[in-house]
Amino acid sequence: MIHLVIPQDPEDDRFRPSLSDHQLFRLGGQTMGTDWSLSYFAPDDRNMDDIRHCIEAVFSDIISQMSIWETGSTISRFNRLCIGSGMELPEAFCETLKLALDVAHATDGGFNPCLGTDIIRAGFGPDVSLKDAMPDPHSAWRDLSLTGNLLIRHAPFQLDLSGIAKGYAVDLMADAVQGLGISRFLAEIGGEYKAHGVKPDGLPWWVDLDPTYGADDRWRLALSNFSVATSGNTQRFRMEHGARISHILTQVAPDEGADLASVSVLHPECGTADAWATGLFAAGATRGLALANSHRIAALFQFHDGPAIPTDPLRPMLH
C-alpha cells in the first residue's frame with residue numbers, strides 16, 4: 001500500500017497548473033561522503049555551470065567549517081583547543097550550533113552535539129587523539145553556549161555537528177539556487193530533501209521514503225516549500241555479535257530500541273528536520289513518539305519488524 005503524505009492543502013495556489021515553457025534540468029555530484037542532486041525547471045540550460053559552481057561553493061564552506069574529517073576545519077581546530085580556551089566562529093557555524101542546542105534542549109539530549117568522543121570510539125569517526133576525552137560526555141551540551149560568536153571549550157568533549165550539517169547544507173543550497181533566480185526545484189544531499197515551488201503542471205515534487213526490509217507499506221511525500229530528513233540504522237551501521245551498531249548513539253537499552261529502523265521528519269527547514277530526526281531516533285520509539293507529539297513534530301517512525309507509526313501532527317497530512 002502506498003500512503004500519500006501531503007503537508008499542504010491540495011487547494012493551495014502552489015498546486016495550481018501554470019503555463020510555462022520551462023524544462024527540467026538535473027545536476028549532481030558528491031559531497032560530505034555522500035551524493036547530492038538538484039532537479040529544477042528553467043527556460044534553458046545557460047546557467048547550469050553557474051548553479052553548479054554556486055552549490056559547490058556552499059558545500060566547500062560547510063566542509064571547511066563543520067567536517068570532523070578535515071583536520072583544518074573550524075570544528076577540528078575547536079576540538080583541539082585546550083580546556084578553557086575559546087574560538088570566534090563563522091556565522092554559519094554559529095547558526096548551526098544554536099539550532100543544534102535548541103533541539104538538544106527540546107529532546108533533553110536526544111540530539112547531542114557533544115558526542116564526538118563516543119562516535120569515534122564506536123568506529124564511526126576520524127582517527128584522532130582522545131587522551132583528554134571525558135569518560136561521560138553526555139551532559140557537556142548543557143553548559144555549552146555562545147557569547148556572540150565566541151565558543152569556549154569548557155570540558156574535554158569532541159564537538160560533532162554531523163547530525164545536522166547535511167540538513168543545514170541543504171537549506172543553504174536551496175538559498176543559493178533561489179538567489180540565482182530558480183524558483184522550482186528539489187534539492188537533496190544524502191537523502192535529505194528540500195523542495196521549493198511546484199512543477200509547471202502544478203504537481204508537487206514527489207519523494208519516496210526508503211521502506212524497511214520486507215515492509216508492504218510505502219510512504220510517498222508531496223513536497224512544496226517543505227523539507228524531509230531521515231535518521232536511522234538502515235544505511236550506516238555494522239553488525240557486532242549479532243547486534244546492529246548504528247552511527248547514531250541512542251539513549252535506550254539495546255533490546256528496547258533494536259526494532260526502530262528510522263525516523264523521518266517533515267519541516268519547512270531541512271536543518272531543523274535533520275536535527276529532530278536524529279534526536280527522535282536516539283530517544284527511541286516510546287520516548288521519541290512522546291517528544292514528537294508534545295513538540296508538534298510531523299514525523300514517521302519506521303520499524304524493522306512492524307507497521308510504521310505516524311505522529312499526531314503527521315496524521316492530518318495522510319491521504
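Residues numbered from 1 in each chain as written. Predicted model: local features only at pLDDT ≥ 70, side-chain atom pairs only at ≥ 80, totals over all residues. Heavy atoms only, no water.

K.L.:
What exactly am I supposed to notice about the overall build of the protein here?
P.N.:
Of the regular secondary structure elements, the protein holds eight helices and 16 strands. Across the 319 residues of the protein, 50% fall into the buried class. As presented, the protein carries roughly 14,700 Å² of accessible surface, and 51% of it is formed by carbon and sulfur atoms. (Helix = DSSP H or I, 4+ residues; strand = E, 2+ residues; numbered from the N terminus. Buried < 20%, exposed > 50% of the residue type's maximum accessible area, 1.4 Å probe, protein only. Areas by Shrake-Rupley, 256 points an atom, 1.4 Å probe, with all protein chains shown as cover.)

K.L.:
Just checking my understanding: could you explain the pairing of strand 15 (residues 298–303) for this structure?
P.N.:
The element strand 15 is largely enclosed, with a buried count of six among its six residues. Of the two faces of strand 15, the one carrying Ala 298, Leu 300 and Gln 302 and the one carrying Ala 299, Phe 301 and Phe 303 are both buried. Note that strand 15 and strand 16 (residues 309–310) share two bridges and pair antiparallel. Note on strand 16: the bridge partner recorded for Phe 301 is Ile 309. Adjacent in sequence and paired antiparallel, strand 15 and strand 16 are bridged by five residues, among which Gly 306 carries a positive phi angle near 140 degrees. (Pairing = 2+ DSSP bridges.)

K.L.:
Would you mind showing me how to read the pattern of salt bridges here?
P.N.:
Where charged atoms from two side chains of opposite charge approach closely, those side chains can pair. Considering all chains together, one arrives at eight salt bridges under this definition. Salt-bridge contacts for Arg 52 lead to Glu 56; the nearest nitrogen and oxygen are separated by 3.5 Å. On the criterion of helical spacing, the pair formed by Arg 52 and Glu 56 is a turn pair, its members being four residues apart in helix 1 (residues 48–66). Taken together, the shared-partner salt bridges connect Asp 108, Arg 142 and Arg 287 into one network. (Salt bridge = Lys/Arg side-chain N within 4 Å of Asp/Glu carboxyl O.)

K.L.:
Would you take a moment to explain the pairing of strand 3 (residues 34–42) for this structure?
P.N.:
It is a general feature of regular strands that their side chains alternate between the two faces of the sheet. Examined bridge by bridge, strand 2 (residues 23–31) and strand 3 share nine bridges and lie antiparallel to one another. The residue bridging Leu 27 from the neighbouring strand is Leu 38, located in strand 3. A loop of two residues connects strand 2 with strand 3, the two strands running antiparallel in sequence, and Met 32 in this loop sits at a positive phi of about 55 degrees. Pairing of strand 3 with strand 7 (residues 185–189) involves five bridges; the strand directions are antiparallel. Bridged to Ser 37 within strand 7 is Glu 188.

K.L.:
What am I meant to see in the sheet that holds strand 2 here?
P.N.:
Paired through backbone hydrogen bonds, the strands of a sheet run either parallel or antiparallel to each other. On the basis of which strands lie adjacent, the open sheet formed by eight strands has the order 2-3-7-8-11-14-15-16 and antiparallel pairing. In this open sheet, the two edge strands, each paired with only one partner strand, are strand 2 and strand 16.

K.L.:
I keep staring at the packing of helix 3 (residues 91–106) against helix 7 (residues 270–283) and nothing clicks. Help me out?
P.N.:
Each pair of packed helices gets described by two things: the angle between the helix axes and the distance between those axes. For the pair helix 3 and helix 7, the least separation of the axes is 10 Å and the interaxial angle reads 40 degrees. Comparing their axes, helix 7 and helix 3 come out oblique. With respect to the hand of their crossing, helix 3 and helix 7 are arranged in right-handed fashion. Along the contact surface, helix 3 presents Leu 99, Val 103 and Ala 106, while helix 7 presents Gly 271, Thr 272, Ala 275 and Trp 276. Residue composition of the contact of helix 3 with helix 7, by class: five nonpolar, two polar and no charged. (Axes fitted to C-alpha atoms, helices over the stretch in contact; angles between N-to-C directions. Parallel < 35°, antiparallel > 145°, perpendicular 65-115°, else oblique. Left-handed = near helix turned anticlockwise from the far one by under 90°. Contact = heavy atoms within 4.5 Å. Nonpolar A, V, L, I, M, F, W, Y, C, P; charged D, E, K, R; others polar.)

K.L.:
Quick question: what am I supposed to make of the environment of Met 66 here?
P.N.:
As for its position among the elements, Met 66 is in helix 1. C-alpha of Met 66 to C-alpha of Lys 166: the two residues are 100 residues apart in sequence and 9.9 Å apart in space. Apart from the residues lying within four places of it in its own chain, the contact partners of Met 66 are Ile 75, Ala 92, Phe 93, Thr 96, Leu 161, Ala 165 and Tyr 168.

K.L.:
I would appreciate a short explanation of the sheet that holds strand 5 (residues 146–147) in the present structure.
P.N.:
Across the sheet, three strands lie side by side as 4-6-5; this open sheet has antiparallel pairing. A single partner strand is all that each edge strand has here, and the edge strands are strand 4 (86–88) and strand 5.

K.L.:
It is not clear to me how the nonpolar core should be interpreted in this structure. Could you clarify?
P.N.:
Across soluble globular proteins, nonpolar side chains have a tendency to be buried as a group. Counting 70 residues, the largest nonpolar core has Leu 38, Tyr 40, Leu 159, Val 265 and Leu 280 as its most contacted members. Counting 17 residues, the second largest nonpolar core, distinct from the first, contains Ala 195, Leu 221, Leu 223 and Leu 266. (Core = buried A, V, L, I, M, F, W, Y, C linked by side-chain atoms within 4.5 Å.)

K.L.:
Sorry if this is basic, but what is going on with the packing of aromatic side chains here?
P.N.:
How two aromatic rings sit relative to each other is set out by the distance from centre to centre and by the angle between their planes. Following the criterion strictly, the structure yields four aromatic pairs and no others. Ring geometry for Trp 36 and Phe 59: centres 5.5 Å apart, planes at 65 degrees, overall edge-to-face. Placement of the pair is Trp 36 in strand 3 and Phe 59 in helix 1, with a sequence separation of 23 residues. Ring centres of Phe 78 and Phe 157 lie 6.3 Å apart, and the angle between their planes is 45 degrees; this geometry places the pair in the tilted category. Placement of Phe 78 in helix 2 (residues 74–79) and of Phe 157 in the loop between strand 6 (150–152) and helix 5 (162–179) is noted, with a sequence separation of 79 residues between them. (Phe/Tyr/Trp six-rings, centres within 6.5 Å; stacked < 30°, edge-to-face > 60°.)

K.L.:
Got a minute to help me understand the side chain of His 3 in this structure?
P.N.:
Mapped onto the elements of the fold, His 3 is located in strand 1 (residues 2–5). Using a relative accessible area of 18% as the deciding quantity, one classes His 3 as buried. Apart from the residues within four sequence positions on either side, His 3 is in contact with Asp 217, Arg 218, Trp 219 and Arg 220.

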